[in-house]
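Letter by letter, the chains look like this.
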Amino acid sequence: MAYTTKRYKGTTYMVEVYDDKDNLVEKEYYPKHLFSLKDVFKKLKGREQDCEIYEVRFSKKLNRYKQIPNGIMCSWDGNAWVTYL
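Everything numeric in this text was worked out from a predicted model, so none of it was measured.

## Focus: the overall build of the protein chain
Here is step 1 of the chain: Secondary structure summary: the protein chain contains one helix and six strands in total.
Here is step 2 of the chain: Moving toward the C terminus, one meets the helices and strands of the protein chain in the order β-β-α-β-β-β-β.
Here is step 3 of the chain: Sorting the 85 residues of the protein chain into buried and exposed places 33% on the buried side.

Spelled out as structure tokens, the structure:
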């Protein structure tokens, strides 16, 4: 299913930031209509050592963000971004 369908309209990049002990520290949200994935990479480069980026969409029914099944997951390994599709 393509990202341009009505179902996935309004997607957001969610960044989960972890500390040295792999504990979730914070979540940051970057709306896709304002930020490209490259923009998010630039904002996080060098700032975070361990974080993951997901494509999410807010669910009114669940009242929380929900990961898109065919979204992108990226991890910062300290030197470069590793993308999992």
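Read on for the rest.
## Thoughts on the pairing of strand β2 (residues 24-31)
Here is step 1 of the chain: As paired elements, strand β1 (residues 12-18) and β2 share seven bridges and run antiparallel to each other. Considered in β2, the bridge of Tyr-13 is made with Tyr-30.
Here is step 2 of the chain: Hairpin connection from β1 to β2: five residues lie between these consecutive antiparallel strands, with Asp-22 at a positive phi of about 60°.

## Re helix α1 (residues 37-44)
Here is step 1 of the chain: Within α1 the residues assigned to the buried category are Leu-37, Val-40, Phe-41 and Leu-44. Projected onto a plane normal to the axis of α1, the buried residues spread over an arc of 100° and lie on a single side. Among the exposed residues of α1, those oriented more than 90 degrees off its buried face are Lys-38 and Lys-42.
Here is step 2 of the chain: Looking one or two residues beyond α1, the residue adopting positive phi is Gly-46, at roughly 80°.

## Some points on unusual backbone geometry
Here is step 1 of the chain: For Asp-22, which is not glycine, the phi dihedral falls at a positive 60°.
Here is step 2 of the chain: Counting through the fold element by element, Asp-22 comes out in the loop between β1 and β2.
Here is step 3 of the chain: For Asn-63, which is not glycine, the phi dihedral falls at a positive 60°.
Here is step 4 of the chain: Within the fold, Asn-63 resides in the loop between β3 (50-59) and β4 (64-67).
Here is step 5 of the chain: For Asn-63, a relative accessible area of 58% gives the class exposed.

## Observations regarding the pattern of salt bridges
Here is step 1 of the chain: Evaluated as defined, the whole model comprises two salt bridges.
Here is step 2 of the chain: Here Glu-16 makes a salt bridge to Lys-27, at a shortest N to O gap of 3.9 Å. Residue Glu-16 is found in strand β1, and its partner Lys-27 is found in strand β2; the two are separated by 11 residues along the sequence.
Here is step 3 of the chain: Note on Lys-27: relative accessible area 40%, which makes it partly exposed.

Definitions and limits used
- Residues numbered from 1 in each chain as written.
- Predicted model: local features only at pLDDT ≥ 70, side-chain atom pairs only at ≥ 80, totals over all residues.
- Heavy atoms only, no water.
- Helix = DSSP H or I, 4+ residues; strand = E, 2+ residues; numbered from the N terminus.
- Buried < 20%, exposed > 50% of the residue type's maximum accessible area, 1.4 Å probe, protein only.
- Pairing = 2+ DSSP bridges.
- Arc of directions from axis to C-beta.
- Salt bridge = Lys/Arg side-chain N within 4 Å of Asp/Glu carboxyl O.

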